[in-house]
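# Coordinates in review
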Amino acid sequence: MANVVIIGAGGVGHVVAHKCAQVPEVFEQITLASRTLSKCETIAAGVRDRTGREIAVRRVDADRVAELTALFREIKPDLVINVALPYQDLTIMDACLETGVHYLDTANYEPPDTARFEYSWQWAYRDKFEQAGLMALLGSGFDPGVTNVFTSWIAKHALDDLHTLDIVDVNGGDHGRPFATNFNPEINIREVTAPCRHWEDGAFRETPAMSRNTRFYCPESVGEYSIYRMYHEELESLVTYYPSLRRAQFWMSFSENYLKHLEVLQNVGMTRIDPVTYQGVEIIPLQFLKAVLPEPSSLGEDTRGKTCIGVIAGGTSDGEPKTVYVYNICDHQDAYRELGSQAISYTTGVPAMIGAQMMLRGEWMKPGVWNMEQFDPDPFMDALNRHGLPWTVQDPATVSVP
Ligand code: NDP
């Protein structure tokens, strides 16, 4: 029976709070803390209505280590689930080290002033966590997260050697708004406007953002979508832990409408992350844009359609070439009916709860800083089936990315 603090009362925090509340035998005491207390209170009221459980709420500025350590000393959690923004990863890890608390997140650290996506900053904490006897689990969302676990499941059960990896993230959901993002707009736009990098023949190769696309036919009538190659953080850990990979790529679907709006916003300078002075005040254009776009957590009621996210891995099995596909399909309206959330927050929040459960039950517990593919995938895969994200295997795969 454990005591957890969830940091971040956004779309993902909403799902994590509800999902933890659904598993009282593991999550005995839950505190939701965020920058805006009223958002924590709204989520806590939803948890009370849906599950009958009370969760505690606190205000905290997670950019300040002193505020975090004071909170952790008061609550004495076993584990902190960080679903605030990637900018807060290091301050929360520092506070965990100072107060002796395990750590989990869903996105790697990014410095606010440069859109650089790499694990270097967090991997540099390995010795400190190991010496403190504490564990940090990085990237326990869907992608990164479940995609890493799908890969390790394929490596364990379906292929002897992994040679190629294509992670395909299709969001077939339509929220009916002219332009909105399904998770934090600032983080989303930084990610999709960054140059593309994919792994080929022992090195990351850089190409312009959105310069390569193809059509992808999702299984189970989800539909046919244009997918674009882009960099995504799990590529870095996967090519590190599966050195037999000759090529690894990440693909995401975008509608023409999304891309048209993004192009205009870029052209007029609204996606810039450097400060500009407006009426004597310094503002970051992308942060201003976030303030006028719909909150991702408000899109649930209107979003129709399904997500289809999976891993296509090629390699050998008993000396023969083979390709295997493991995927999950999540219906936006099913997620809304269960938790009042859209599927992107749902598919991120459920694996965050499962990762926390793996740690707290001791199934995945090892001092140090770890990525998801470094643990036995089987108990995590079983938990996905039990907690709302069932998966399917095509062996051999009938889908492909040219
Ligand atoms: P939201 O913007 O909806 O929520 C973020 C929350 O964090 C907000 O409530 C915000 O507070 C809070 N917050 C921000 N800064 C601070 C701070 N300094 N101190 C305390 N709280 C703070 O984002 P999402 O819920 O959509 O995303 C949450 C995280 O999940 C992000 O890191 C995102 O990258 C990650 N993610 C991971 C995915 C995966 O599959 N691995 C997929 C989707 C998202 P306030 O409301 O006051 O601004």
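Residues numbered from 1 in each chain as written. Predicted model: local features only at pLDDT ≥ 70, side-chain atom pairs only at ≥ 80, totals over all residues. Heavy atoms only, no water.

## Overview of the domain arrangement of the protein chain
Split by domain assignment, the protein chain resolves into domain 1 (2-138) and domain 2 (146-341). Computed from C-alpha coordinates alone, the two centres of domain 1 and domain 2 are separated by 24 Å. The partner domain 2 presents 20 residues to the 25 residues of domain 1 that form the contact. Buried surface at the junction of domain 1 and domain 2, summed over both partners, amounts to about 1,800 Å²; 52% is from carbon and sulfur atoms. Among the residues of domain 1 in contact with domain 2, Phe-117, Tyr-119 and Trp-123 are the three that bury the most area, contributing 31% of the side total. At the junction of domain 1 with domain 2, the criterion picks out three salt bridges. Note that Lys-39 and Glu-295 form a salt bridge whose closest N and O atoms lie 3.3 Å from each other. Linking domain 1 with domain 2 are twelve residue pairs in polar contact (both at pLDDT 80 or more). Sorting the residues of the side of domain 1 that touches domain 2 by element identifies α1 (11-21) and α2 (37-51) as the ones contributing at least two each. Looking at the side of domain 1 that touches domain 2, its residues break down into eleven nonpolar, seven polar and seven charged. (Domains from an automatic or database assignment. Contact = heavy atoms within 4.5 Å. Buried area = accessible area lost by both parts, 1.4 Å probe. Salt bridge = Lys/Arg side-chain N within 4 Å of Asp/Glu carboxyl O. Polar contact = N/O pair within 3.5 Å; in protein donor to acceptor, adjacent residues only side chain to side chain. Helix = DSSP H or I, 4+ residues; strand = E, 2+ residues; numbered from the N terminus. Nonpolar A, V, L, I, M, F, W, Y, C, P; charged D, E, K, R; others polar.)

## Observations concerning the packing of helix α7 (residues 146-157) against helix α9 (residues 234-241)
Direction vectors running N to C along α7 and α9 enclose 20°, while the axes themselves pass 10 Å from each other. The angle between α7 and α9 places the two elements in the roughly parallel class. The two elements α7 and α9 meet at a crossing, and its hand is right-handed. In contact with Thr-147, Asn-148 and Thr-151 of α7, α9 contributes Glu-234, Ser-237 and Leu-238. Here the residues of the contact of α7 with α9 sort into one nonpolar, four polar and one charged. (Axes fitted to C-alpha atoms, helices over the stretch in contact; angles between N-to-C directions. Parallel < 35°, antiparallel > 145°, perpendicular 65-115°, else oblique. Left-handed = near helix turned anticlockwise from the far one by under 90°.)

## Description of the site of the ligand
Lining the immediate environment of the ligand, one finds 28 residues, of which Arg-35, Thr-36, Lys-39, Ala-62 and Asn-184 sit closest. The separation between an oxygen atom of the ligand and a polar side-chain atom of Arg-35 is 2.6 Å. Here an oxygen atom of the ligand sits 2.7 Å away from a polar atom, N or O, in the side chain of Lys-39. When the ligand sits alone it has 930 Å² of accessible area, and the protein chains cover 94% of it. Tallied by class, the residues present in the shell around the ligand amount to 13 nonpolar, ten polar and five charged. Viewed by domain, the shell around the ligand spans two of them, domain 1 (2-138) and domain 2 (146-341), each represented by three or more residues. (Near = heavy atom within 4 Å. Areas by Shrake-Rupley, 256 points an atom, 1.4 Å probe, with all protein chains shown as cover.)

## A word on empty space enclosed by the protein
Per the stated rule, a full pass over the model turns up one cavity of 30 Å³ or more. Its volume calculated, the largest cavity comes out at about 40 Å³. Taken together, Phe-117, Glu-191, Ala-194, Tyr-231, His-232 and Glu-233 make up the lining of the largest cavity. Tallied by class, residues from the lining of the largest cavity come to three nonpolar, one polar and two charged. (1 Å grid on protein atoms, 1.4 Å probe; cavity = no way out; pocket = protein on both sides within 12 Å on 5 of 7 lines; lining within 4 Å. Points joined across faces, edges and corners; volume = space filled by probe spheres on them.)

## Section: the pairing of strand β6 (residues 135-138)
Judged by which residues are buried, β6 turns out to be covered on both faces: Met-135 and Leu-137 on one side and Ala-136 and Leu-138 on the other are all buried. Bridging between strand β5 (residues 102-105) and β6 involves two bridges; their strand directions are parallel. Residue Leu-104 lies in a different strand from β6, and its bridge partner there is Leu-137. Judged from the four bridges that link them, β6 and strand β17 (residues 368-371) form a sheet pairing that is parallel. Paired with Leu-138 across the strands is Asn-371, a residue of β17. (Buried < 20%, exposed > 50% of the residue type's maximum accessible area, 1.4 Å probe, protein only. Pairing = 2+ DSSP bridges.)

## Remarks on the pairing of strand β9 (residues 203-207)
Here strand β8 (residues 196-200) runs beside β9; their pairing, made up of five bridges, is antiparallel. When the sheet's bridge partners are listed, His-198 is paired in β9 with Arg-205. Between β8 and β9, which follow one another and run antiparallel, lie two residues, and Asp-201 among them has a positive phi close to 50°.

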